[in-house]
Amino acid sequence: MAGSSVSVDYADAMITTPIAAGDWLIVAPSLITMLGGALCLMLRKHTDLQPKLGITLLGALVLASFALLVRVLDHGVITMVMGNWLPPFGIAVTADTLGATLTFIGSVVAFCAGVFGMKTVSNSGRRYGFYPFLLLLMTGVCGSFLTADIFNLYVWFEVLLISSYGLLILGNDRIQLDGAVKYGVLNLVGTNLFLIATGLLYGIFGTLNMADIAIKVAELENPASGTLATVAALYFLAFAMKAAAFPVNFWLPASYHTPNIVVSAVFAGLLTKVGVYALIRIFVLILPASLSYMADIFGLVAIVTLMTGALGALAQTEIRRLLGYLVIAGIGSMLAGVAVASNSEVATLAISGAIFYAVHSIIVMTALYMSAGIMNMMGGSYNLRKLGGLYQKSIAFAGVFLILAFAVSGLPPFSGFWPKIMLVDAAFKDDRFWLGAAILVSGFLTTLAMGRIWIFAFWRGGPEGTPDGQSVEVSGSSQSDLASGAIWLPLGILTALVVYFGIQPEWMIELSTQGASSVVDPLGYIRSVFGEQG
């Protein structure tokens, strides 16, 4: 009838209550990095301005992500959906303790990288986009940690990868282009597998919202059906590639040593952890039945990844390649936690150990790559055969490196000790003694690998062939470069976190346990996504 109006009740399909002001923090990381990256890109020719602007924006990202973490700890899981439409209509952005914690730690690392880049990135690197690419990389990283939609996760992965390609070839050296090709091809394969699996999943459930799928999987009579098994296998292979797990990990040591050292530091700290995070979300939150029958595969891949990473590190004389293999070994420890999570009795302990280890690895691997950059400044090389006598050049730096070496090896009293204890404890409680033993053996081999760096680069008097008891001067950067606060401040911040989480681990253990609980028992997560109606 003309002029008549029809009243429609949208209460079942939309969030009709006003959004709390504090909940807007959930979109702050993406807005800061996206708009900041665009601003830096427009001003990229102003090379003197780039570091100031980039670091200011990264500092704002740290504050926003910390405020988001505090909000989540105070109010529980928070969600915003596009247009206020509830799933499956609106794309959800959800922050639980797991996502908020990794977003905050990632922001701290990115800020430290921005400061470190003041001295290690040339004017040419600034002009061609170091700070815009770094900010846009963090757009993808933060978006991946905070999305509650699988296709949206794919989109953020693409943002992350496109930015990482730009950072990888910054400098346009032949070796960088070679590394970028290897990096790009493997990630392209992984991305296509990710997209195929996502299409199949949508065909099964008609939705890609993680909470919605978790509900529908729980209602299935046979959640381990052949179709879902195919989807689970594709997701495992796709994210194993992105996390650099065996046997699809050879791209990492072939590419991470090629870019500027600060880029290598960011990659080593963040990129592979996004892959592990995705595995936890997919297999623990939405496909737990698939994890149950794939647990032995996860465990086997974890063991081989642990051992190939540690043994590969022992075989290297180039420090950046050595550290790349240690990144791989760390991925093995996190995969071990996912494997053990198939046992519901120890799932929370196993996933909390994996989360704590991820936080530790983000911090310590970034710091170690920065340390490698400083060693190159002091000694003029990344090759252990050409280094020596660095202890005499800087006793303080030698002490910092020793702390980081202990931490990455899982030795007390530093950050790597506690997550390894948690993971080994969970493995033993699940009667997977071989998995716990592999974590311990890998830690021992890592200690030997780091000991080689210490003996050759710091303790030895000079390059290979220097007689015992004698010292030979090795040339490096000028003292003014090494005296810069932009070099030592970020390394000091990261090392302080390594020490703090080792001596006072309670806060991190609590965060990890809360983060693990949100995926192992996702009721609060589901209710938040569905506006307290799930």
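Scope of this entry: the structure provided in the associated data block. (Residues numbered from 1 in each chain as written. Predicted model: local features only at pLDDT ≥ 70, side-chain atom pairs only at ≥ 80, totals over all residues. Heavy atoms only, no water.)

**Section: the overall build of the chain**
Part 1: When helices and strands are counted, the chain shows 22 helices and two strands.
Part 2: Whereas a compact globule of 534 residues would reach a radius of gyration of roughly 24 Å, the chain reaches 23 Å, a difference of no more than 12%.
Part 3: With the C-alpha coordinates aligned to their principal axes, the bounding extent of the chain is approximately 95 × 55 × 40 Å.
Part 4: With 534 residues in all, the chain has 59% of them scored as buried.
Part 5: Within the chain, contacts between residues separated by at least 24 positions form 80% of all contacts whose residues are at least 6 apart in sequence. (Helix = DSSP H or I, 4+ residues; strand = E, 2+ residues; numbered from the N terminus. Rg over C-alpha atoms; globule rule 2.2 N^0.38 Å. Buried < 20%, exposed > 50% of the residue type's maximum accessible area, 1.4 Å probe, protein only. Contact = heavy atoms within 4.5 Å.)

**Regarding unusual backbone geometry**
Part 1: Cis rather than trans, the peptide bond between Phe246 and Pro247 has omega equal to 5°.
Part 2: Tracing the backbone through its elements, the reader meets Pro247 in the loop between helix 9 (226–243) and helix 10 (251–255).
Part 3: Look at the link from Pro412 to Pro413: it is a cis peptide, with omega at 0°.
Part 4: Tracing the backbone through its elements, the reader meets Pro413 in the loop between helix 16 (395–409) and helix 17 (417–429).
Part 5: Even without a glycine there, the phi angle at Ala244 is positive, about 65°.
Part 6: With respect to the element layout, Ala244 can be found in the loop between helix 9 and helix 10.
Part 7: Since its relative accessible area comes to 0%, Ala244 is described here as buried.

**Points about helix 1 (residues 28–42)**
In an α-helix, one turn spans 3.6 residues; hence positions three or four apart end up facing the same way.
Part 1: Taking 1.5 Å per residue, 15 residues should reach 21 Å; helix 1 reaches 21 Å between its end C-alpha atoms and fits that length.
Part 2: Among all positions in helix 1, only Ala28, Pro29, Ser30, Ile32, Thr33, Gly36, Gly37 and Cys40 are buried.
Part 3: Looking at the buried residues of helix 1, the elements they touch are helix 2 (49–75), helix 3 (97–120), helix 5 (130–146) and helix 6 (150–168). (Expected span 1.5 Å × (residues − 1).)

**Side note on the pattern of salt bridges**
Part 1: Counted by the stated rule, this structure contains five salt bridges.
Part 2: Notably, a salt bridge pairs Arg281 with Asp96, separated by 2.8 Å at the nearest N-O pair. Here Asp96 lies in the loop between strand 2 (92–95) and helix 3 and Arg281 lies in helix 11 (residues 261–286), a separation of 185 residues in the sequence.
Part 3: Take Asp96: its relative accessible area is 0%, and that puts it in the buried class.
Part 4: Between Asp296 and Arg432 there is a salt bridge; the shortest N-O distance is 3.1 Å. With Asp296 in helix 12 (residues 288–314) and Arg432 in the loop between helix 17 and helix 18 (433–459), this pair connects stretches of sequence that are 136 residues apart.
Part 5: Since its relative accessible area comes to 52%, Asp296 is described here as exposed. (Salt bridge = Lys/Arg side-chain N within 4 Å of Asp/Glu carboxyl O.)

**Some details on the nonpolar core**
Part 1: Leu201, Tyr235, Phe283, Ile286, Phe298, Met365 and Met375 are the most contacted members of the largest nonpolar core, which has 190 residues in total.
Part 2: Per element, the largest residue contribution to this core is 21 residues, and it comes from helix 14 (residues 347–379).
Part 3: Residues contacting Phe283, with those up to four places away along its chain left out, are Ala232, Tyr235, Phe236, Pro288, Ser290, Leu291, Met294 and Phe298. (Core = buried A, V, L, I, M, F, W, Y, C linked by side-chain atoms within 4.5 Å.)

Read these as geometric descriptors, not functional statements.
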